[in-house]
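# Structural characterization, general
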Amino acid sequence: MMLEPKSILFYIFAAILIMAALRVITARNPVHAALFLVLSFFTAAAIWMLLHAEFLAILLVLVYVGAVMVLFLFVVMMLDINLDTLREGFWKHFPLAASLGALIALEMAAVLMSGFRTSEAPKVAAAVGQIGPQISNSKALGILLYTEYLMPIQVAAAILLVAMIAAIAL
């Protein structure tokens, strides 16, 4: 059985994502953990791109990698973190953490063993109605947001503007 290139890319990105996520929680240095988190965000964005969800992939990279992780790395590098005090209670909480990890692994195994139901990928353009099938998901999402959901977008923008002005004033 020959896999198609899209499936091969998915498995490569999924393996990198799992490795990077494991390194996030096992890295001893917080800066290295943050950099592995950046790698996991990029590989998750690549998987979103494989699923033709361009808007979510770009949003993941811009918001999380571009803003949140830069801020997190800045705070981690500016603080003088004493790693010995962070590791003091590790073995005390290890049994609970190991049992929760085993429970999550069993749930993931149950999902993987049941198999995936294959179906046609959902199309955003079909939900809009007046848009043809040759349009990208990002453009269809933009048309949907600025036609049907214009008022909630404007309310959210006003709330974010007030919050930004209040944060600057503080």
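Because the structure is a prediction, the values reported are computed rather than measured.

## Looking at unusual backbone geometry
Unlike most non-glycine residues, H52 shows phi in positive territory, near 65 degrees. Looking at the secondary structure, you find H52 in the loop between α2 (30-50) and α3 (54-78). With a relative accessible area of 45%, H52 lands in the partly exposed category.

## Examining the packing of aromatic side chains
One pass over the full model with this rule turns up three aromatic pairs. Ring plane angle 65 degrees and centroid distance 5.6 Å describe the contact between F10 and Y11, whose orientation is recorded as edge-to-face. In this structure F10 comes out as partly exposed when scored by relative accessible area, which is 37%. Taking the relative accessible area as the measure of exposure, Y11 reaches 51% and is therefore exposed.

## So, the nonpolar core
For soluble globular proteins, nonpolar side chains are generally found buried alongside one another. V31, A34, V38, F41, A44, A45, A57, L60, V65, M69, L73 and V76 together form the largest nonpolar core, which totals 12 residues. Looking at this core, the elements with two or more residues in it are α2 and α3. Setting aside residues no more than four positions away along its own chain, L60 makes contact with F41, A44, A45, W48 and V65.

## Digging into the confidence of the model for the chain
With 85% of its residues at a pLDDT of at least 70, the chain reaches an overall mean of 82. In the model of the chain, helix α6 (residues 124-128) stands out as the element of lowest mean pLDDT, 50, in contrast to helix α1 (residues 5-26), which has the highest, 93.

## Overview of the packing of α2 against α3
Two numbers describe how α2 lies on α3: the axes approach to 9 Å, and their chain directions differ by 175 degrees. Classified by the angle between their axes, α2 and α3 sit roughly antiparallel to one another. When α2 is examined against α3, the residues P30, V31, A34, L35, L37, V38, F41, F42, A44, A45, W48 and M49 are found in contact with a partner set consisting of E54, L56, A57, L60, V61, Y64, V65, M69, F72, L73, V76 and M77. Its residues assigned to classes, the contact of α2 with α3 comprises 23 nonpolar, no polar and one charged.

## Quick notes on a nonpolar patch on the surface
Together, W48, L51, F55, L56, I58, L59, L62, V63, Y64 and V68 make up a nonpolar patch on the protein surface, roughly 910 Å² of accessible area in all. Note on placement: L51 falls in the loop between α2 and α3. Residue L51 is classed as exposed on the basis of its relative accessible area, which comes to 56%.

Calculation criteria
Residues numbered from 1 in each chain as written. Predicted model: local features only at pLDDT ≥ 70, side-chain atom pairs only at ≥ 80, totals over all residues. Heavy atoms only, no water. Helix = DSSP H or I, 4+ residues; strand = E, 2+ residues; numbered from the N terminus. Buried < 20%, exposed > 50% of the residue type's maximum accessible area, 1.4 Å probe, protein only. Phe/Tyr/Trp six-rings, centres within 6.5 Å; stacked < 30°, edge-to-face > 60°. Core = buried A, V, L, I, M, F, W, Y, C linked by side-chain atoms within 4.5 Å. Contact = heavy atoms within 4.5 Å. pLDDT = per-residue confidence, 0-100. Axes fitted to C-alpha atoms, helices over the stretch in contact; angles between N-to-C directions. Parallel < 35°, antiparallel > 145°, perpendicular 65-115°, else oblique. Nonpolar A, V, L, I, M, F, W, Y, C, P; charged D, E, K, R; others polar. Patch = residues over 30% accessible without salt bridge, like charges linked within 9 Å, V, L, I, M, F, W, Y side chains within 5 Å. Areas by Shrake-Rupley, 256 points an atom, 1.4 Å probe, with all protein chains shown as cover. Salt bridge = Lys/Arg side-chain N within 4 Å of Asp/Glu carboxyl O.

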